[in-house]
Amino acid sequence: MRAIVVRKFGATPELAEMPIPEPGPGTVRVQLQAAGVNPFDQRMASGVLDGKLPHDFPMILGVDGAGTVATLGPGVSRFAVGDRVVGKFLTPPVGHGSFAEYAVLPEGGTLVPIPVGVPTVQAAALPTAGVTAQDLVDATHIQPGQTVLIVGATGGVGSFLVQLANIAGAHVIATARGDSADQMTRLGAAETVDYTAGPVRDQVLAAHPEGIDVLFDLVSAPEALAELTTIVRDGGTVYSTTFAADENALRARSINGGNIESKGRAPELARLIQRVAAGDVVVPIDATVPLAEGPAVIGAPGARGKTVLAI
């Protein structure tokens, strides 16, 4: 089968022929039709999991994937051959991911059915970015009327986070270049801040001198996040997905939150994809590219929304 692999940490991803994986007890083999691309894919290729999880080389990259159950391993009861499914293909040993024509996943892993009416390409864009956004909103317990600033709103996680915070009743401020403002408004942002027009902190404070309730920062380094944190009211909430938050400094101001890594699994993914099926959440896809062109888009900057590989 065709797959995108690295042969060692730090190597350039390449298209290669790999053996079709065989499902063992309690696992299913999925014939993948689409795979979502995330910044984590490049970090995985660079060795972020080295020393943390066992891994195999050649390492097949990719976490998010969607397709059809092709084969059942012994003892599988939750799925049937032919089921449309979407999941996170990241289980030890790492290196058997979704950038391939087939992948195997435990039936008890992060794998859920795709509802009728949800295209496979859209489903493939959900697991990492969508569930991360869902986890952020769940952790914050947003109350209707709260003012929420999302820094990095036009990326994969941000595009979902704008929608979910709006659904929760927040007044959403999204950072975006001027040419992306309309997109953010359509997704549910009440305001946009053009980060190329001046410091985000100053622009937000000019419009909201009383401060904001919640800051979700998906992109900033520690120094930039520390500056933005000054516009959060004491007792508010700050979450960083880049581990840039000084949690001791936040606690000194009774600010909740800190650094967060998504732990969402099948229940959260199932809840989110039902929202997509109901039309409450849309999946912003920036580009769909063939698997053969996948190595060129892994780690590529500047996407608005999600990039999906068509397999």
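Treat the numbers as computed from the prediction; the structure is a model and nothing was measured.

J.: Looking at this structure, how should I read helix α1 (residues 39-46)?
T.: Residues lying three or four places apart along an α-helix face the same way, a consequence of the helix completing one turn every 3.6 residues. Listing the buried residues of α1 in full gives Phe-40, Asp-41, Met-44 and Ala-45. End-on, the buried residues of α1 take up no more than an arc of 140°, which puts them together on one face. In the stretch just after α1, Gly-47 is the one whose phi turns positive, near 110°.

J.: Would you take a moment to explain the side chain of Lys-88 for this structure?
T.: Looking at where Lys-88 falls in the secondary structure, it is placed in strand β6 (residues 84-88). One buried charged side chain, Lys-88, makes no salt bridge at all; its nearest oppositely charged neighbour is Asp-64, positioned 6.2 Å away. When sequence neighbours within four positions are dropped, the list of residues in contact with Lys-88 reads Val-63, Asp-64, Leu-105, Thr-110, Pro-127, Thr-128, Ser-262 and Gly-264.

J.: Sorry if this is basic, but what is going on with unusual backbone geometry here?
T.: Leaving glycine aside, a negative phi is the common case for residues, and trans is the common case for peptide bonds. Of the consecutive residues Phe-57 and Pro-58, the connecting peptide bond is found in the cis state with omega at -10°. Note on placement: Pro-58 falls in strand β4 (residues 55-60). The step from Pro-92 to Pro-93 runs through a cis peptide bond, and the omega angle for that step is -5°. The topology assignment puts Pro-93 in the loop between β6 and β7 (94-96). Not every positive phi belongs to a glycine, and His-141 is a case in point at roughly 55°. Summarising the element assignment, His-141 is placed in the loop between α3 (127-140) and β10 (147-151). Positive phi, normally seen in glycine, also occurs at Ser-254, with a value near 60°. Mapped onto the secondary structure, Ser-254 falls in the loop between α8 (247-252) and β15 (256-259).

J.: When you look at helix α4 (residues 156-167) in this model, what are you seeing that I'm missing?
T.: Helix length check: α4 (12 residues) gives 17 Å between terminal C-alpha atoms against 16 Å at 1.5 Å per residue, within 8%. Counted residue by residue, α4 has 9 buried out of 12 residues, so it is predominantly covered. Positive backbone phi, approximately 100°, marks Gly-169, located one or two places after α4.

J.: What is the right way to read the pairing of β6 from this model?
T.: Judged by how many residues are buried, β6 sits mostly within the fold: 4 of 5 residues are covered. Across 5 bridges, the pairing between strand β5 (residues 64-72) and β6 is antiparallel. Its bridge partner lying in β6, Gly-67 is registered against Val-85. As judged from the 3 bridges shared by β6 and strand β9 (residues 111-113), these two strands associate in the antiparallel manner. What sits directly across from Gly-87, in β9, is Leu-111.

J.: Looking at this structure, I do not really get the environment of Pro-58. What am I missing?
T.: Here Pro-58 falls in the partly exposed class, since its relative accessible area comes to 25%. Each C-alpha atom, one on Pro-58 and one on Leu-136, is 34 Å from the other, the two residues being 78 residues apart in sequence. Excluding residues that lie within four positions of it along the chain, Pro-58 makes contacts with Val-5, Val-6, Arg-7, Met-18 and Gly-95.

J.: Just checking my understanding: could you explain the environment of Gly-75 for this structure?
T.: Its place among the elements puts Gly-75 in the loop between β5 and β6. Classification of Gly-75 as exposed rests on a relative accessible area of 68%. Taking the C-alpha atoms as reference points, Gly-75 and His-171, 96 residues apart in sequence, are found 48 Å from one another.

J.: Help me out: how do you make sense of the sheet that holds β4 in this one?
T.: The strand order across the open sheet formed by 4 strands is β2-β1-β4-β7, and the pairing between neighbours is mixed. Every other strand in the sheet has two partners, leaving β2 (14-17) and β7 as the edge strands with one partner each. Adjacent strand axes in the sheet meet at a mean angle of 50° when their direction is disregarded. Two elements, strand β1 (residues 2-6) and β4, share 2 bridges in a ladder whose sense is antiparallel. Along β4, the bridge assignment pairs Val-5 with Ile-60.

Definitions and limits used
- Residues numbered from 1 in each chain as written.
- Predicted model: local features only at pLDDT ≥ 70, side-chain atom pairs only at ≥ 80, totals over all residues.
- Heavy atoms only, no water.
- Buried < 20%, exposed > 50% of the residue type's maximum accessible area, 1.4 Å probe, protein only.
- Helix = DSSP H or I, 4+ residues; strand = E, 2+ residues; numbered from the N terminus.
- Arc of directions from axis to C-beta.
- Lys, Arg positive; Asp, Glu negative; His and termini not counted.
- Salt bridge = Lys/Arg side-chain N within 4 Å of Asp/Glu carboxyl O.
- Contact = heavy atoms within 4.5 Å.
- Expected span 1.5 Å × (residues − 1).
- Pairing = 2+ DSSP bridges.
- Axes fitted to C-alpha atoms, helices over the stretch in contact; angles between N-to-C directions.

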